[in-house]
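Here is how the chains run, residue by residue.
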Amino acid sequence: MPLIDLAPDNPYGLPLRTPVLTAAGCFGSGIEYERIVPIERLGAIVTGSISLRGRHAPPPLRLIETPAGVLSVGMWRDPGLERVLREYAPVWSTWKTPVILSVAADHSDVAAALEGVEGIAGLEITFGDDLTAAARTVAAVRAVTLLPLLVKLPLHDRLIAVARSIIDAGADALTIAFPPRACAPDPHTGELLHGRLSGPAIRPLVLAAIADVCATTHVPVVACGGIGTVEDARAFLSAGATAVQVGSALLADPFVAVRIADAL
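These lines cover the structure that appears in this document, whether it is placed above or below. Quantities reported herein were computed from a predicted structural model and do not represent experimental measurements.

Cut-offs applied
Residues numbered from 1 in each chain as written. Predicted model: local features only at pLDDT ≥ 70, side-chain atom pairs only at ≥ 80, totals over all residues. Heavy atoms only, no water. Buried < 20%, exposed > 50% of the residue type's maximum accessible area, 1.4 Å probe, protein only. Helix = DSSP H or I, 4+ residues; strand = E, 2+ residues; numbered from the N terminus. Pairing = 2+ DSSP bridges. Right-handed = clockwise from strand over helix to strand, strands pointing away. Phe/Tyr/Trp six-rings, centres within 6.5 Å; stacked < 30°, edge-to-face > 60°. Contact = heavy atoms within 4.5 Å. Axes fitted to C-alpha atoms, helices over the stretch in contact; angles between N-to-C directions. Parallel < 35°, antiparallel > 145°, perpendicular 65-115°, else oblique. Left-handed = near helix turned anticlockwise from the far one by under 90°. Nonpolar A, V, L, I, M, F, W, Y, C, P; charged D, E, K, R; others polar. Arc of directions from axis to C-beta.

Another aspect to go through is the pairing of strand β9 (residues 149-154). Judged by how many residues are buried, β9 sits mostly within the fold: six of six residues are covered. Burial of the side chains of β9 extends over both faces: L149, V151 and L153 are buried on one face and L150, K152 and P154 on the other. Where strand β8 (residues 122-126) lies against β9, four bridges are found, and the strand directions are parallel. Bridged to L123 within β9 is L149. In this view, the connection linking β8 to its parallel neighbour β9 by way of helix α3 (residues 134-144) has right-handed handedness. In the sheet, β9 pairs with strand β10 (residues 173-178) via five bridges, with the strands oriented parallel. When the bridges of β10 are listed, L153 appears paired with I176. Taken together, β9, helix α4 (residues 159-169) and β10 constitute a β-α-β crossover, and its handedness is right-handed.

Strand order in the open sheet made by the eight strands is β3-β14-β13-β10-β9-β8-β7-β4, with parallel pairing throughout. Two strands lie at the open edges of the sheet, namely β3 (20-22) and β4 (45-46), each paired on one side alone.

Let us look at the packing of aromatic side chains. Taken as a whole and assessed by the stated rule, the structure comprises two aromatic pairs. Aromatic pair F27 and Y33: ring centres 4.3 Å apart, planes at 10°, arrangement stacked. Ring geometry for Y88 against W92: centres 5.8 Å apart, planes inclined by 45°, an arrangement best described as tilted. Note that Y88 and W92 are positioned in helix α1 (residues 81-92) at a spacing of four residues, about one turn of the helix. Assessed through its relative accessible area of 2%, W92 is described here as buried.

Following the sequence through the fold, H107 ends up in helix α2 (residues 107-114). Looking at H107, the relative accessible area reads 13%, which means it is buried. The residues touching H107, leaving out its near neighbours within four places in the chain, are I125, T126, F127, T137 and V141.

Running from N to C, α2 and α3 cross one another at 20°; their axes reach a closest spacing of 8 Å. Compared by their axis directions, α2 and α3 come out roughly parallel. For α2 against α3, the interelement crossing comes out right-handed. Only T137, A140, V141 and V144 of α3 make contact with α2, whose side of the interface consists of H107, S108, A111 and A112. Here the contact of α2 with α3 is built from residues that sort into five nonpolar, three polar and no charged.

Regarding α3, the residues found buried are A134, V138, V141 and R142. Taken end-on, α3 shows its buried residues confined to a sector of 100°, consistent with a single buried face. For α3, exposure combined with an orientation more than 90 degrees from the buried face picks out R136 and A143. Buried positions along α3 lie against α2, β8, β9 and α4.

Shown next as structure tokens:
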């Protein structure tokens, strides 16, 4: 029986049996893991991010270990919308666990093509660090789909104001936070590498942001940043989060999200 709903005011709703989700990118499409991980014990799977046409020859992704975290350098895999509709959605439609499709570009075009597609329970859209057109983009997505809409925001000095504008534009829930920019030296050459930092190093920053946003907004907020244990998850839930996403911890242990869900 569903315990929570990430889109209580949406006509579709987004009910979850547990408040533990996977984070975009770190669990692929979920299909890669379904034979070894009991995904039915997860609240939902957030897929890797896609765009309309995908990236056919992206720079290879590198993961650089840092103190208390991991730096992602390069591009995550993007299969594009056509492949998602042809290969992935038919599999997702057979699952009991909801699938939330992460969309990183061409937001309204992708959203319009997904309305009514079986197997996609909601969308999570991301903007990176540039939030200048975020509210306008959310409004454009809301105009073409009724699907539950999560918006993933970065840590930002105007986070509360941006969050409110996103909600006014039609977001059903917020995900906090998109990984911040960071650098680390190449362990082989010493070259300074630029990428996105995830893992326990950012957890205190995200926890503060979650507490601030939950105290001043009314929609469900999903915490994402450094969650690797049930104690981490409880800290975010105590701060006001409705649910949590497990990300980089899955790269070392694909069963960790299931264990956290079971412990909760």
